[in-house]
Amino acid sequence: MKIKNTLNQSVVSLLLMSSTTLLSGLSSVNAAEPDVKRGLEIAIEADKRENDFIDSTASMVMELKNKQGQTNTREVRVKTLEVAGDGDKSLSIFDTPADIKGTASLTYSHALKPDEQWLYLPALKRVKRISSKNKSGPFMGSEFAYEDISSQEVEKYTYRYIKDEVLNGIDCFVVERYPAYKHSGYTRQVTWINKKEYRSEKIDFYDRKNVLLKTLNFSGYQQYLNKFWRADTMHMVNFQTGKSTILSWKDYKFKTGLEEKDFNRNSLKRAK
Amino acid sequence: MNLLQRFFLLVNTPLAGISMSGILLLSLSVKAHADWSGNVAVQTRTFFNDPLITNPQQHNNYLSFSAEPEYYSAWNNNDQSLTITPFIRIDQYDKERTHGDLREFSYQQVFDDWELRVGVSKVYWGVTESQHLVDVINQTDSVENVDGEDKLGQPMIKATFEKDWGTLGLFVLPYFRERTFQDIEGRPRTSPVVDDTQTSYESSDKEQHIDYAARWFNYYGELELGLAYFNGTSRDPLFSPGLKNGAAVLKPYYPLMQQLSIDAQITTEELLFKLEAIARDWQNFDSITLQLVDERYFALTTGIEYTFVGIIETDADLGLVVEYLYDDRDQQANTFFQNDLMMGLRLAINDADSTEALLGIIYDLDNQEHLLSLEASRRFAGNWTATLEVRLFNNISDTSLVKSIEEDDFVQLDIAYYF
């Protein structure tokens, strides 16, 4: 047996507020309530604006900072393929820390049924299918949970519109969302959504006891192909541990010509 | 030593965890790129007991160094690549453990729905954790560790076809690699020592015999399924008693074999179910006449894996692995795993330093032999890892070739620097 089962569940579609829409199954019981209906409408509009990106590639640097201010970095490259009518497929390749270099993960994400995930361990040349249960665990020891960085589908939450609010000079909708998938670490998330561009500006995460756990701030938004907004920086602060993580994105590319065959079990072995 | 190999399959050392990829360019560009990566490490082994009186050449403390750099170059939109991974270990006492190997020296080209790899390489087949019955392409580098997870590079021509009906790999293996064995000063080892200058083969072509293998793999939702066939020289040697300079030795013999195998895993959100099973035709020594006779046997490993996520309100995960190991030759098997139970506990703290620990036991339900192992590792100072291993061997059968390892309980520390 091999001890290294790290990156268990490692995921990363990393495109917060992206992906395709499955409009079926959205009729929640209280959908008649105006605030619920409004919340859902905002989520659907935000999702719609992410449609047809086809595929994307990007690199990220993750800087982990503990309470004492010590830092650790990780570098990951991410390829994503849009799947019509389902969650995205994504391939993540880990470049640092050096001891896990070459490790790669492949995820077929789904709205409500469990994601399918594989992990490639280069030292053993072994591909392992792994369980997708660990949604609330830390991604690579960071303050981002797996569920924070996985493909965001409309159906993964139910919604409630709360109010309009100006955040750092930006007109926002404040929408609460409640995880509809199993094994979430949250009771709810409060999202500030840019009224004009329907992109997330800030998310507050409340833990299973409904206590504020983390805040995620998005900054340095850039628009690609005159349509898709991506934040250069995502800053997550954990109020309960005093730790924080900064995700810095670069080299975003869209419609690069990736195909299904770049996202199968065999391609995982040659991901490099 | 086949025994020793199969005997200790508990855990693998992350020391072998050489980093593979080498990509300086973070972008997924079409440009060619090349890179060096790898690790250097220092290792100490300390044995709790003095060696047996019959093995006065052995020591109580061993020091060794290893290096495993990797050169990787890719071009033509990464469709063509070259990987070179030499490995070397220098051991303080064991002249056989002081060894080098080309783990990888291969060229790969990716075409539309197939790919070709030519050169020295490694493949992994299978799904279970306690032993790897199905994984028969690469020879075990058994001087590296007792768990048998370290492999020697295998010369191969490999074509992999990706079709709607699954992935088909076809292998031609033109050269056989002998298993590595400890020198007289090595520890733990068989007693008497294996003399690989007296190696013999069933095939008159010896190590030049050309082996063939095929493997089909596909997945259907929660089910992953693999079928494989191997025809060639067995990676597992048999042993017969011999003499060298008047002293008793074991002589390795490599028979030809045909093996059919199946491996399957069902992955639900909560639980993993695993199965590996083989049927093998080969020669083995008859236990009474000590003559080589044809043998057909069946063996399997099956089990489950369950992970408790976020235990005791922390970020830590605790994984539970239970596997049953069976061989239909019963006590005649040249493996200790004929009716054994393996249990493992894997703790992942999920912190920034990737602190992990694995506790494992394999228990023989017939004769109460058991093997215990504890492995713990963490990262430090960015590019360094520390790995601690403890291995304990208890109640080893009196008739075993590795009876002497009862005295070979040890603790091992690896400090590795990755670049």
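Note that the structure is predicted; figures quoted are calculated from it, not measured.

What exactly am I supposed to notice about the side chain of A:Gln152 here?
Residue and element names in this part refer to chain A. Take Gln152: it is sitting in the loop between helix H2 (146–149) and strand S7 (157–167). Residue Gln152 is classed as buried on the basis of its relative accessible area of 4%. Looking at Gln152, its side chain comes within polar contact range of the main-chain oxygen of Ser150, at 2.9 Å. At 3.1 Å, the side chain of Gln152 and the side chain of Tyr157 are in polar contact.

Explain the interface of chain A and chain B here, please?
In this complex, chain A contributes 54 residues to the contact, which on the side of chain B involves 82 residues. Both sides of the chain A and chain B interface together cover about 5500 Å² of buried area, and 50% of this is carbon and sulfur. Where chain A packs against chain B, one counts 13 salt bridges. A salt bridge links A:Arg270 to B:Glu162, with the shortest nitrogen-to-oxygen separation between them at 3.4 Å. At the boundary of chain A and chain B, one finds 27 residue pairs in polar contact (both at pLDDT 80 or more). Within the residue set of the side of chain A that touches chain B, elements represented by two or more residues are strand S1 (55–65), strand S2 (71–81), strand S5 (116–121), strand S6 (126–130), strand S13 (244–254) and helix H3 (265–269) of chain A. With six residues, the single largest contributor to the side of chain A that touches chain B is S2(A).

What is the right way to look at the pairing of S2(A) in this model?
Every other side chain in a regular strand lies on the same face of the sheet, so the side chains alternate between the two faces. Residue and element names in this part refer to chain A. As judged from the 11 bridges shared by S1 and S2, these two strands associate in the antiparallel manner. Residue Lys65 lies in a different strand from S2, and its bridge partner there is Thr71. Between S1 and the antiparallel strand that follows it, S2, lie five residues; Gly69 among them carries a positive phi value of about 90 degrees. Alignment of S2 against strand S3 (residues 89–96), held across seven bridges, turns out to be antiparallel. Counterpart to Arg77 in the pairing with S3 is Ile93.

Can you walk me through the sheet that holds strand S11 (residues 238–244) of chain B in this structure?
In any sheet, the strands associate via hydrogen bonds between backbone groups, in a parallel or an antiparallel arrangement. Residues and elements named next belong to chain B. Read from one edge to the other, the open sheet built from three strands follows the order S8-S12-S11, with strand pairing classed as mixed. Edge positions in the sheet fall to strand S8 (200–201) and S11, since each of these pairs with one other strand and no more. Two elements, S8 and strand S12 (residues 247–254), share two bridges in a ladder whose sense is parallel. By the bridge assignment, Tyr201 is partnered in S12 with Tyr254.

How do you make sense of the nonpolar core when you look at a structure like this?
What tends to happen in soluble globular proteins is that the nonpolar side chains get buried as a cluster. Counting residues in hydrophobic clusters, the biggest one holds 33 residues, and the most contacted among them are A:Phe139, A:Leu216 and A:Trp249. Mapped by element, the contributors of at least two residues to this core are S1, S2, H2, strand S10 (200–207), strand S11 (212–224), strand S12 (228–238) and S13 of chain A. With 19 residues, the next largest nonpolar core counts B:Leu173, B:Ala213, B:Leu238 and B:Tyr297 among its residues.

Looking at this model, I keep getting lost on the pattern of salt bridges. Mind explaining?
Between side chains of opposite charge, a pair can form when the charged atoms approach closely. Evaluated as defined, the whole model comprises 52 salt bridges over all chains. The shortest N-O distance in the salt bridge between A:Lys89 and A:Glu260 comes to 2.6 Å. Linking A:Lys89 in strand S3 with A:Glu260 in the loop between S13 and H3, this pair joins segments that are 171 residues apart in sequence. We note a salt bridge from B:Glu270 to A:Lys133, for which the minimum N-O separation is 3.4 Å. With B:Glu270 in the loop between strand S13 (256–267) and strand S14 (271–285) and A:Lys133 in the loop between S6 and H2, the pair connects residues from two separate chains. Given a relative accessible area of 27%, B:Glu270 falls into the partly exposed group. A relative accessible area of 10% means that A:Lys133 is categorised as buried. Overlapping salt bridges bring together A:Arg126, A:Lys128, B:Glu129, B:Lys274, B:Glu305 and B:Arg346 as one network.

I tried to follow the pairing of strand S17 (residues 339–348) of chain B on my own but got confused; where do I start?
Residue and element names in this part refer to chain B. As defined by bridge partners, strand S16 (residues 317–327) adjoins S17 across 10 bridges and the pair is classed as antiparallel. Looking at S17, one finds that Glu323 is bridged to Met342. Judged from the nine bridges that link them, S17 and strand S18 (residues 356–364) form a sheet pairing that is antiparallel. In the strand pairing of S18, Arg346 is matched with Leu358.

The rules behind each value
- Residues numbered from 1 in each chain as written.
- Chains lettered and ligands numbered in written order.
- Predicted model: local features only at pLDDT ≥ 70, side-chain atom pairs only at ≥ 80, totals over all residues.
- Heavy atoms only, no water.
- Helix = DSSP H or I, 4+ residues; strand = E, 2+ residues; numbered from the N terminus.
- Buried < 20%, exposed > 50% of the residue type's maximum accessible area, 1.4 Å probe, protein only.
- Polar contact = N/O pair within 3.5 Å; in protein donor to acceptor, adjacent residues only side chain to side chain.
- Contact = heavy atoms within 4.5 Å.
- Buried area = accessible area lost by both parts, 1.4 Å probe.
- Salt bridge = Lys/Arg side-chain N within 4 Å of Asp/Glu carboxyl O.
- Pairing = 2+ DSSP bridges.
- Core = buried A, V, L, I, M, F, W, Y, C linked by side-chain atoms within 4.5 Å.

These results come straight from atomic positions and should not be treated as a statement about function.
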